[in-house]
Amino acid sequence: MSREDPHDLLAMVFARPREALAAARALLADGSGPYESSIARQALGILHREFGDLEAAIGELRHAVRLARRSGSADRETDVLATLGIALLQSGRTRAGLSALDRAAARADGTTRARVLFRRAGARWILGRHGPALDDLRDAVPALLAARDTVWAARALTLRGHVQLALGAVQPADADFRTAQDMLGPTRQEHDSAVAVQNRGVAAFRTGDLPAALALLDEAERRFHALGTPMFDLVGDRCAVLLAAGLARDALEHADGGLRLLARLRGQATRRAELLLIAARAALQSGDPATAGERAGEARRLFARQHRAWWSEHARLIVLQAEHATPGVPARRAALGEARRLAARLAGLGSPEVWQAHLVAGRIALALGEPGVAERHLARAADVRHKGPATSRAGGWLAEALRAETAGEPRRLLHACRAGLALIEEHRLTFGSSELHALATAQGAELVTLAQRHLLRVGRPRRLLAWTERWRATSLAVPAVSPPEDGELLARLAALRQAEHLLAQARQDGAASAAALERDRSRLESRVRSATLQAKGRSRGGRERRDDDRTGRLLGALGGGRLAELVAVDGTLHVLLCGDGTVRRHTAGPMDRAVAEVEFARSRLRRLAYERDPDQGELHDLGARLERAVLGPVADLLGEAAPLVVVPPSTLHTTPWGLLPSLRRRPFTVAPSAGAWLRARSAPRPDGGRIVLVRGPGVAHADREVREIARLYAQDDREVSLLEAGRSTAPAVLSAIDGSLLAHLAAHGTFRADSPLFSSLHLDDGPLTGYDLERLRRAPHHLVLSSCDSGQMAAVGADELLGLATALLRLGTAGIVASVVPVNDETAVPVMLGLHDGLRRGLGLAEALCRARGDDVSFIAIGAG
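Residues numbered from 1 in each chain as written. Predicted model: local features only at pLDDT ≥ 70, side-chain atom pairs only at ≥ 80, totals over all residues. Heavy atoms only, no water.

**Description of the packing of helix α24 (residues 445-458) against helix α25 (residues 461-470)**
- Two numbers describe how α24 lies on α25: the axes approach to 9 Å, and their chain directions differ by 170 degrees. Classified by the interaxial angle, the pair formed by α24 and α25 is roughly antiparallel. Facing Val448, Ala451, Gln452, Leu455 and Leu456 of α24, the residues of α25 in contact are Arg463, Leu464, Trp467 and Thr468.
- Of the residues in the contact of α24 with α25, the class split is six nonpolar, two polar and one charged. (Axes fitted to C-alpha atoms, helices over the stretch in contact; angles between N-to-C directions. Helix = DSSP H or I, 4+ residues; strand = E, 2+ residues; numbered from the N terminus. Parallel < 35°, antiparallel > 145°, perpendicular 65-115°, else oblique. Contact = heavy atoms within 4.5 Å. Nonpolar A, V, L, I, M, F, W, Y, C, P; charged D, E, K, R; others polar.)

**Let's talk about the nonpolar core**
- If you look at the biggest cluster of nonpolar residues, it comprises 63 residues, and the most contacted ones within it are Leu566, Val630, Trp657, Leu745 and Leu773.
- Among the elements that line this core, the one with the most residues is helix α29 (residues 591-608), at six residues.
- When neighbours within four sequence positions are excluded, Leu773 is seen to be in contact with Leu734, Ile737, Leu768, Leu804, Ala807, Leu808 and Leu811.
- Formed by 62 residues, the second largest nonpolar core is a distinct cluster that contains Ala357, Val360, Val647 and Ala671. (Core = buried A, V, L, I, M, F, W, Y, C linked by side-chain atoms within 4.5 Å. Buried < 20%, exposed > 50% of the residue type's maximum accessible area, 1.4 Å probe, protein only.)

**Here's the deal with the sheet that holds strand β8 (residues 742-746)**
- In space, the 11 strands of this open sheet follow the order β3-β2-β1-β4-β5-β16-β15-β12-β8-β6-β7, with mixed pairing throughout. With one partner strand each, in any of the chains shown, β3 (582-590) and β7 (720-723) form the two edges of the open sheet. With strand direction ignored, the average angle separating the axes of adjacent strands in the sheet is 20 degrees.
- Note: strand β15 (residues 815-819) against strand β16 (residues 859-863), five bridges, orientation antiparallel. Bridge assignment links Val817 to a residue of β16, and that residue is Ala861. (Pairing = 2+ DSSP bridges.)

**Observations concerning the pattern of salt bridges**
- Per the stated rule, a full pass over the model turns up 54 salt bridges.
- Here Arg41 ties to Glu60 by a salt bridge, and the two come within 3.1 Å at their closest N and O atoms. Taken as a pair, Arg41 in helix α3 (residues 34-51) and Glu60 in helix α4 (residues 54-71) lie far apart in primary sequence, 19 residues in all. The exposure classification of Arg41 matches that of Glu60, with both residues buried.
- Measuring nitrogen to oxygen at the nearest pair gives 2.7 Å for the salt bridge that ties Arg332 to Glu323.
- Salt bridges linked by common partners bring Glu375, Arg385, Glu400, Arg403, Glu409 and Arg412 together as one network. (Salt bridge = Lys/Arg side-chain N within 4 Å of Asp/Glu carboxyl O.)

**Observations concerning the environment of Pro780**
- Residue placement: Pro780 occurs in the loop between α34 (770-773) and β12 (782-785).
- When its relative accessible area of 0% is taken as the criterion, Pro780 is described as buried.
- Placed 94 residues apart in sequence, Pro780 and Pro686 show a C-alpha to C-alpha distance of 8.4 Å.
- Apart from residues lying up to four places away in sequence, Pro780 is in contact with Ile737, Gly739, Ser740, Ala743, Leu808 and Thr813.

**Section: the sheet that holds strand β10 (residues 760-763)**
- Taking strand neighbours across the sheet as the criterion, the three strands line up as β9-β10-β11 in an open arrangement whose pairing is antiparallel. Single-partner strands in this sheet number two, and they are β9 (749-750) and β11 (766-769).
- In this structure, β10 lies alongside β11, joined through four bridges in antiparallel fashion. By the bridge assignment for β11, Ser760 is matched with Thr769.

**Some thoughts on unusual backbone geometry**
- Positioned with a positive phi, Arg148 is a non-glycine residue whose angle comes to about 55 degrees.
- Among the secondary structure elements, Arg148 is positioned in the loop between α8 (130-146) and α9 (150-166).
- One non-glycine residue, Asp570, adopts positive backbone phi at about 50 degrees.

Listed below in structure tokens is the structure:
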């Protein structure tokens, strides 16, 4: 490095960190003078600060200050002093850091002073002192622009954008980020360019475009990874987007991963406190208030030691929210006082989250029986319903609904609930991912409960049905958006199948490579899921029918049949029995008893599935016990043999319905919602009558099953495609079933409760997942899955389901036959043959299954039957 341009080393630190490290060491090894050595030590200090050890960074920077002082250059000394101030601040030594920055600002002039002011503004932003930060930037930005100091001016604009975001000024922040990105375009500052992409992701997030935000943050992460730069603020940004998308568990895992990496690198104490706060938010949203309170409490203590009042108050907010959300913990009068003071402090700090403090204060006041105090705070929280992002406005409508409930004003209550749900629906429609569609409904769960509670209290079962349907399995009501048709995603899906195939072989052989293959599979799953989460949504196109219209259509469509919609409100399970033009409500009993009985029945059936002749008396007793818990008195009101549609809440969808005595000899179908049943019922029948039979590997009796089914249809000269003996690969199966009249897949299945759309059917080349099925252009009209647990779906969001079946129902499949419990492969064969014999004679799925079932209780019809 020449003596004429020693500052190139500092410019290289973020652009090419590995080269900067080598160059700094080479400069020191050459025995350069104090000026050049000060630059080298400063570069090493920045590298340690950003990518390694803060204590080592502070040591290098103090050495750099001494060398700068020896060189006699005041500019050099103030520049290094400002860098040292930031490092001290990030290590938790707030007073020492600010003192160093103040000394540097007082001694510097010209462009150096503008750079120092920028760094002091950054320190003040970290501390949550947004007004003073903007004061520094008002001087720094014009000076850096006038000096044509492009990189530093872009950094200052970026920082100003972040400060404005903290104050809720999204549009000015977005303008600053875009200007900074344009300025950095022609430069070689790769790190700053990656930061610009990250900031565009933050702006997209704050404007409500979560798919774009996820895509931009993924791109920024790839760039940082190529530079070898661990960016902990990127972890925070990604967690914020994940939380807004309803992916709270993902956000918590991401934040915890950042904390572990930070600990290994002995990194910045300021970053640790911020990541703890993010982890606390994620834990609270995922329903774990104990973890939320613990993480937020630790974060608050760290913020207090770092003199970061803005951050400390936000951590206190989560502590209070977690305490109020903890079951069995009575409201404390002292907590109400704390919440009231917190709301005042957050207002003074200009926090956009002040409404949340008022909301928690209002909730605590209600729990303490102080409606007057609650009204004042809920009214303040409700102000946000007219401004800000959709999710915050929905929170404002929740506060308004609580006010109306307290005041005993039902019309106002229902209006508030309706308005809040409409905003969440607007937010959901930006997603193309079925997973995000389902998860986002959790934000509306309390609004629905408030409406249901009121309608239950006043005895309006028809309207209770309408409100339950308004927020049940709504993700199936939105037309599916296929993942982008690009070669990269297709290659990832193929690579995932290959990794799963190799992993199964390695496990079978006891190979040492299994652990590495598991890591490969997890990595590939993460990439596939990431690509689908970034899919853009599309408008529904057309207005919703009024609730009363839908209920009327439902009652008309039932004819002489019945529909039993199960509704859980405040821990009690109710059954809305629909038929003969009416809706009647019956109480089944405690919801927790129903859940316990379902789990007990499933555990017994797992054992009985491996018995050739299970005890029918035991099965009857087990079914009667389950029936009392989930249907209560309704079981005696179903009529002799009228067809039945069962619509359970998502948490009861794994119920083995065929076990219930009242359903053993009755055609019945299970639907995620009454609306989903109506849509499936009207699904158009495809032209032609193509039938596809698939035999997967390793399924006992599958060969006999598919060949005998093929012979049945051959009697009628029907077109049958048979995929077996190495030809049942995922691409071949997807091509064959696309738009078919009927597809029958005899293949082992795996249900993934942790990631339901990775539930799969095992084919010759590996797993066929829900993500693969979502790529179909046209769903098969009818589908039969004869493997174990193939009908299982995971409960997510407010009352949503995810799994293989929902992937197909959303695409337009009319009906599915599948199992929700383990299947005895041998005894399943005659059931399948009887089912198809009924189908070829013109029966519907539910009727054909009813006649073929015999003593089998494993299979159910899903959808319209």
